[in-house]
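As a plain string of letters, each chain reads:
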Amino acid sequence: MSGYHATMEEFYNFISSHYILPFYFLVWIAAMARYRTYFDTPLKFFPIYLMYTFLTELLGYFIKFYDEFQVVSDNQYDWYNVIVYNIYSVITFSFFYYIYWQVVKQKKYKDWIKIGAVVSLSSYIISLFFQDPFYSNLYYADLVASMILLWNIYLYFKEIKTESSPYPLKHNLMFWTSLGLVIFHLIFPFLHIIGYEAPEIWIEYRLRRVLKILILFMYGGFLIGVLIHRRKAFR
């Protein structure tokens, strides 16, 4: 019986410290449950992205706390899992650039989004000459990529503002997806820069908690969107 209690206590501690993981999974379940309402839209691969996020966080946890998943050769840094998140950043930004490239209608907007994607990818490549992706987040490249994503979202909102629709904006899945992304990416890259360039501020003001709150807001937006959106309101 003591073994059972020890297991349950370990599970409770895991959930308490990594509550975002089950939240990711919850959003994925909701997205899958309502998949038939957006399977033929540019967000048709959204559930795959959500599961990829969940698995990335899970892998990051195992690398940090289990030696069997070590990805760097230096034992002093065997808990470093940043390479997983660097790869995740490139894939995530590429995914959403593609989404907004599909969603906007004006050719000049599509061209700007393509140029932004090239600039973003180039920033990651350039960062490799100055930062080791196994030991450091490519936070300056993340900043560039986030600003470009925000620009894409601005183009999207600018375009739909000029259109008339019989459906309320709150029923548009892209609206909630965009809102979640804006809340997160307005602040996230600056937190990362502070974490690396001014770690004393990161620790003193507990900015990791702020980052987690931003994640909850972003995925909360995703969750609201998949729950209340209407198929015909997608734009």
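1. Describing the packing of aromatic side chains
Logical step 1: Considering all chains together, one arrives at 24 aromatic pairs under this definition.
Logical step 2: A ring pair is formed by Tyr49 and Phe95, whose centres lie 5.2 Å apart and whose planes are at 10 degrees; its orientation type is stacked. One end of the pair, Tyr49, is in helix α3 (residues 46–65); the other, Phe95, is in helix α4 (residues 82–103), and 46 residues separate them in sequence. Both residues of the pair, Tyr49 and Phe95, belong to the buried class.
Logical step 3: Taken together, Tyr24, Phe46, Tyr49, Tyr52, Tyr88, Phe95, Phe96, Tyr219 and Phe222 form an aromatic cluster joined through their ring pairs.
Logical step 4: The ring of Trp101 is capped by Lys110, whose NZ or CZ atom sits 4.7 Å from the centre of that ring.

2. Brief notes about a nonpolar patch on the surface
Logical step 1: The grouping of Trp112, Ile115, Val119, Val144, Trp151 and Tyr154 at the surface amounts to a nonpolar patch, some 560 Å² of accessible area in total.
Logical step 2: Looking at the nonpolar patch, the elements that each hand over two or more residues are α5 (107–127) and α6 (139–161).
Logical step 3: By the secondary structure assignment, Val119 is in helix α5.
Logical step 4: Note on Val119: relative accessible area 41%, which makes it partly exposed.

3. Re the pattern of salt bridges
When the charged atoms of two side chains lie near each other, side chains of opposite charge can form a pair.
Logical step 1: Inspection of the entire model under this criterion finds five salt bridges.
Logical step 2: Note that Asp111 is salt-bridged to Lys107, the shortest N-O span being 2.9 Å. In this pair, Asp111 and Lys107 both sit in helix α5, four residues apart, roughly one turn of the helix.
Logical step 3: Asp111 serves as the salt-bridge partner of Lys114, at 3.8 Å between the closest nitrogen and oxygen. One end of the pair, Lys114, and the other, Asp111, are both in helix α5, three residues apart, so they sit about a helical turn from each other.
Logical step 4: We classify Asp111 as partly exposed; its relative accessible area is 24%.
Logical step 5: One continuous salt-bridge network, built from bridges that share partners, spans Lys107, Asp111 and Lys114.

4. Looking at the confidence of the model for the protein
Logical step 1: Mean pLDDT for the protein: 88, with 86% of residues reaching 70 or above.
Logical step 2: Element-level mean pLDDT values for the protein span from 48 in helix α1 (residues 2–17) up to 98 in α5.
Logical step 3: Low confidence marks residues 4–16, where pLDDT is under 50. Its contacts with residues over four positions away, or in another chain, come to four contacts.
Logical step 4: Every residue in residues 75–79 is under pLDDT 50, and counting partners more than four places away or in other chains gives nine contacts.

5. Observations concerning the side chain of His185
Logical step 1: Within the secondary structure, His185 is located in helix α7 (residues 173–185).
Logical step 2: Taking the relative accessible area as the measure of exposure, His185 reaches 5% and is therefore buried.
Logical step 3: At 2.9 Å, the side chain of His185 forms a polar contact with the side chain of Ser146.
Logical step 4: Those residues in contact with His185 that sit more than four places away from it in its chain are Phe93, Ser146, Met147, Leu149 and Leu150.

6. Side note on the environment of Val210
Logical step 1: Mapped onto the secondary structure, Val210 falls in helix α10 (residues 207–228).
Logical step 2: When its relative accessible area of 31% is taken as the criterion, Val210 is described as partly exposed.
Logical step 3: C-alpha of Val210 to C-alpha of Phe188: the two residues are 22 residues apart in sequence and 9.1 Å apart in space.

7. Considering the packing of α4 against α7
The geometry of a pair of packed helices is captured by two quantities: the angle between their axes and the separation between those axes.
Logical step 1: For the pair α4 and α7, interaxial distance at closest approach is 13 Å and the crossing angle is 140 degrees. Considering their axes alone, α4 and α7 lie oblique with respect to each other. Note on packing geometry: the crossing formed by α4 with α7 is left-handed. Listed contacts from α7 to Phe93, Phe96, Ile99, Tyr100 and Val103 of α4 are Met174, Thr177, Ser178, Leu181 and His185.

What counts as what
- Residues numbered from 1 in each chain as written.
- Predicted model: local features only at pLDDT ≥ 70, side-chain atom pairs only at ≥ 80, totals over all residues.
- Heavy atoms only, no water.
- Phe/Tyr/Trp six-rings, centres within 6.5 Å; stacked < 30°, edge-to-face > 60°.
- Helix = DSSP H or I, 4+ residues; strand = E, 2+ residues; numbered from the N terminus.
- Buried < 20%, exposed > 50% of the residue type's maximum accessible area, 1.4 Å probe, protein only.
- Lys NZ or Arg CZ within 6 Å of the ring centre and 35° of its normal.
- Patch = residues over 30% accessible without salt bridge, like charges linked within 9 Å, V, L, I, M, F, W, Y side chains within 5 Å.
- Areas by Shrake-Rupley, 256 points an atom, 1.4 Å probe, with all protein chains shown as cover.
- Salt bridge = Lys/Arg side-chain N within 4 Å of Asp/Glu carboxyl O.
- pLDDT = per-residue confidence, 0-100.
- Contact = heavy atoms within 4.5 Å.
- Polar contact = N/O pair within 3.5 Å; in protein donor to acceptor, adjacent residues only side chain to side chain.
- Axes fitted to C-alpha atoms, helices over the stretch in contact; angles between N-to-C directions.
- Parallel < 35°, antiparallel > 145°, perpendicular 65-115°, else oblique.
- Left-handed = near helix turned anticlockwise from the far one by under 90°.

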